[in-house]
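Observations on chain architecture
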Amino acid sequence: MGNVVNKYLFCLIFFLLPLTKCIYAQLVIGNPALSFSQICANSDFNEFNVSFSFSPVSALSPTNQFIVEMSDPNGNFTNPTVLLTTNPGSITVSPANVSFSVPTTTGGEKYKLRIKSTGPADTSASSISFPAYYKLQDSPFTINNFVSTASYCPGGSYVLTIDNPGTGTNDSPLKYPSLTYNWFMEPSLTPIGTGPSLTVSQPGKYYVETNYGSCTSSSYSNRVTVSQSSSGTVATISSSLGNPFCSIEGSTMLSTVSGNSYQWYKNNTAISGATNRTYTTNQAGLYSVVVNFGGCLGNASIDLLDYNFDSSINMPETSTISPGESVTASVTTTASNPEFQWYLNNVVIPNVIGNDYEVTTKGNYKVIVKQTSGCVESEELLFKINSTGDSDLFPDVANIPNLISPNGDGINDTWIIPQEYVSGTDTEVLLISASGDIALRTNNYQNNWPEYSTDFKNVNPVYYYIITTKEHKVRKGSITIIK
């Protein structure tokens, strides 16, 4: 009986062997078909497609994964980069199309792709070669500190360098060590250098681009014109804020061409410590620099002007007019395209826009002179007009009194305070009784409190004052009433 069982078991195993071989038959993967001729990726776009065929479909195991691999820049798969691994069993139909992204370190002209499977294991032939670059830096940058000229001495040379970090919002490609470069001298399109700097000994206009091969890019520098110098003929000075400059916007930076050493002067006097390529100032004046190029010197100067202006008014700080009398206030200014705005007691005087105003009313006057071109800035001119008789109502007292005696004898009957707090100064005067009641609150104090006969119930009552000016300066104290 045992021999019969063994015989049938042998036959069953022999019968199943061809089926096992059929289920795990050899898989053949075709060459990857690229949907692109080159890869030019950046932070905004990094998705590319590749398709491939395989057969027979029945050979795939349920857990099979396809893997997209990329070679090194020379097409070598010794250490391939895995770009994509599909989910187990996710691809069951041929041909298949998948998407992938490239690493930020990608850069070269002869990359290739291939497809691998895991169940069963198989590897396709490689694709055709293609350029591929990830553009880490894709915006304009500066060289030579954004100075457009440079020079070298006869028989010498000059080094052009990519700025790091450069000036202003310069996005220096030197922040990305993996990048390489192509230097050019116009009009030739043949690179003459590939590093972060270039030594030149021939006059011409130079610039550099980040090397992204055949991919177009916005990663390029400004142009620099390099010339051979002779003593005293090549240095220049530029002002970062222009000339004239607007000092209220801050300091301007004076820059000269690159050399071995520098000395700056103001009004023909050497400026101590000013030995750099740039000099920052907020003052107008005649500035000059001597640049040592190593064997020859260059000189340059700039008459730096400021847009500031001067204004004056023909009115004294305080003056007095009689009732019915008038006086003409007139402004003289060096402002460019000036505008004038007049105020009385901090209220705009309507329909007055010239540099003259006929004053007929007492009060605190102000005129704002505004320069409207070149450097927009303003200046205030102030004056005060009193009226005849005001000296009786508003005597020029020095201190705020803390005693008054309102007994009708004409002496110290009201609280007389300094002129800087009375009517016309827009100062708030607040008086509070000892019980917390407000006795007076006004922005037009007339030196007349207590204005009417007041029945003070307490003997020598005390009041507290708070004086607040329009500039929010506060004076506090107390007043004692003597009967």
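Scroll up a little and you will see the structure.
This report concerns the structure included in the present document. (Residues numbered from 1 in each chain as written. Predicted model: local features only at pLDDT ≥ 70, side-chain atom pairs only at ≥ 80, totals over all residues. Heavy atoms only, no water.)

1. Some words on the overall build of the protein
What counts, and what does not: In DSSP terms, a helix is any run of H or I states spanning at least four residues, a strand is any run of E spanning at least two, and both are numbered starting from the N terminus. Only protein chains enter the calculation, and the probe is 1.4 Å; a residue is then buried if its accessible area is under 20% of its type maximum, exposed if over 50%, and partly exposed in between. Contacts are assigned to residue pairs that have any heavy atoms within 4.5 Å of one another. For accessible areas, the Shrake-Rupley method is used with a probe of radius 1.4 Å. Any residue's cover is judged against the shown protein chains and nothing else. Here the positive residues are Lys and Arg and the negative ones are Asp and Glu; neither His nor the chain ends is included. All charge positions are set by atom: Lys at NZ, Arg at CZ, Asp at CG, Glu at CD.
Helix and strand counts for the protein stand at 2 helices and 38 strands. Once the C-alpha set of the protein is aligned to its principal axes, its extents read approximately 150 × 85 × 40 Å. Every one of the 483 residues in the protein was classed for burial, and the buried ones make up 38%. Considering only contacts in the protein between residues 6 or more positions apart, those separated by 24 or more positions represent 58%. Taken as a whole, the protein presents about 26,300 Å² of accessible surface, with 51% of it coming from carbon and sulfur. On the protein, the mean spot of the 23 positive side-chain charges and the mean spot of the 35 negative ones are 17 Å from each other.

2. Quick word on the sheet that holds strand β3 (residues 39-41)
Selection criterion: For two strands to count as paired, DSSP must find a minimum of two bridges between them. Axes here mean lines fitted to C-alpha atoms, for a helix over just the part in contact, with angles spanning 0 to 180 degrees between N-to-C directions.
The sheet built from 3 strands is open, its strands ordered β3-β12-β9 with mixed pairing. Both outer strands of the open sheet, β3 and β9 (107-111), are each paired with one neighbouring strand and no more. Across the sheet, the axes of successive neighbouring strands diverge by a mean angle of 15°, strand direction being ignored. Looking at chain direction, β9 and strand β12 (residues 130-134) are connected through 3 bridges and run antiparallel. Across the sheet, Gly108 pairs through a bridge with Ala132, a residue of β12.

3. Some words on the pattern of salt bridges
For clarity, the cut-off: The term salt bridge refers to a side-chain nitrogen of Lys or Arg lying within 4 Å of a carboxyl oxygen of Asp or Glu.
What the rule picks out here adds up to 7 salt bridges. Residues participating in the shared-partner salt-bridge network are Glu69, Arg114 and Lys116.

4. Quick word on the state of the cysteines
A disulfide bridge is the covalent bond that connects two cysteines by way of their sulfur atoms. Inclusion rule: Any two cysteine sulfur atoms lying within 2.5 Å of each other are counted as a disulfide.
Taken as a whole, this structure holds 2 disulfides when the rule is applied. Here Cys40 engages in a disulfide with Cys215; their sulfurs sit 2.0 Å apart. One disulfide, between Cys40 and Cys215, carries an S-S torsion of -90° and so falls in the left-handed class. One end of the pair, Cys40, is in strand β3; the other, Cys215, is in the loop between β17 (204-210) and β18 (224-228), and 175 residues separate them in sequence. Judged by relative accessible area, which is 7%, Cys215 ranks as buried. With its sulfur 1.7 Å from that of its partner, Cys246 forms a disulfide with Cys375.

5. Considerations on the pairing of strand β29 (residues 338-344)
Two faces make up the sheet, and in a regular strand the side chains alternate between them. Bridge count between β29 and strand β32 (residues 363-371): 7 bridges; the pairing is antiparallel. Its bridge partner being in β32, Phe340 is matched across the sheet by Val369. Pairing analysis gives 2 bridges linking β29 to strand β30 (residues 347-348), with the strands arranged antiparallel. Paired with Leu344 across the strands is Val347, a residue of β30. The loop that links β29 with its antiparallel partner β30 comprises 2 residues; one of these, Asn345, has a positive phi angle of about 50°.

6. Structural notes on the sheet that holds strand β36 (residues 438-442)
Within the open sheet, the 5 strands sit side by side as β34-β38-β37-β35-β36. Their pairing is mixed. Both edges of this open sheet fall to β34 (403-404) and β36, since each of them pairs with a single strand only.

7. Some details on unusual backbone geometry
Geometrically, the link from Gly119 to Pro120 is a cis peptide bond, its omega value of 0° lying close to zero. Examined against the element boundaries, Pro120 turns out to sit in the loop between β10 (113-118) and β11 (121-123). Cis geometry marks the peptide bond from Asn243 to Pro244; its omega dihedral reads 5°. For Asn144, which is not glycine, the phi dihedral falls at a positive 60°. When its relative accessible area of 4% is taken as the criterion, Asn144 is described as buried. Positive phi values are uncommon outside glycine, yet Asn345 reaches one of about 50°.

8. With respect to the packing of aromatic side chains
In plain terms, the rule: Each pair of aromatic rings taken from Phe, Tyr and Trp, with Trp reduced to its six-membered ring, is defined by centres within 6.5 Å and is described as stacked if the planes are under 30 degrees apart, edge-to-face if over 60, and tilted in the remaining cases. Any Lys NZ or Arg CZ found within 6 Å of a ring centre and within 35 degrees of that ring's normal is scored as a charge over the ring.
For the structure on display, the rule yields 19 aromatic pairs. Judged by centre distance (6.2 Å) and plane angle (40°), the ring pair of Phe52 and Phe54 falls under tilted. Grouping residues by exposure puts Phe52 and Phe54 together as buried. Seen from their ring centres, Tyr279 and Tyr287 are 6.0 Å apart, and the 40° between their planes marks the pair as tilted. Tyr287 sits in the buried class, given a relative accessible area of 0%. Geometry around Tyr207 places Arg223 over its ring, the cationic atom sitting 3.6 Å from the centre. Sitting over the face of the ring of Tyr343, Lys366 holds its NZ or CZ atom 4.7 Å from the ring centroid.

9. Concerning the layout of surface pockets
Spelled out, the test is: Lining residues are those with an atom within 4 Å of a point, where the points come from a 1 Å grid over the protein atoms alone and group into cavities, where a 1.4 Å probe fits but cannot get out, or pockets, open sets with protein on both sides within 12 Å along at least five of seven lines. Grid points are joined across faces, edges and corners, and a volume is the space filled by probe spheres set on the points. Charged residues are taken to be Asp, Glu, Lys and Arg, nonpolar residues to be Ala, Val, Leu, Ile, Met, Phe, Trp, Tyr, Cys and Pro, and polar residues to be all remaining types, Gly included.
A volume near 620 Å³ is recorded for the largest pocket. Along the wall of the largest pocket there are 21 residues; nearest its centre are Asn364, Leu382, Thr425, Lys470 and Glu471. Of all the secondary-structure elements, those providing two or more residues to the lining of the largest pocket are β32 and β33 (377-387). Considering only residue class, the lining of the largest pocket consists of 3 nonpolar, 9 polar and 9 charged. When its volume is computed, the second largest pocket comes out at roughly 280 Å³. Forming the walls of the second largest pocket are 16 residues, and the residues nearest its centre are Asn145, Phe146, Val147, Ser238 and Ser255.

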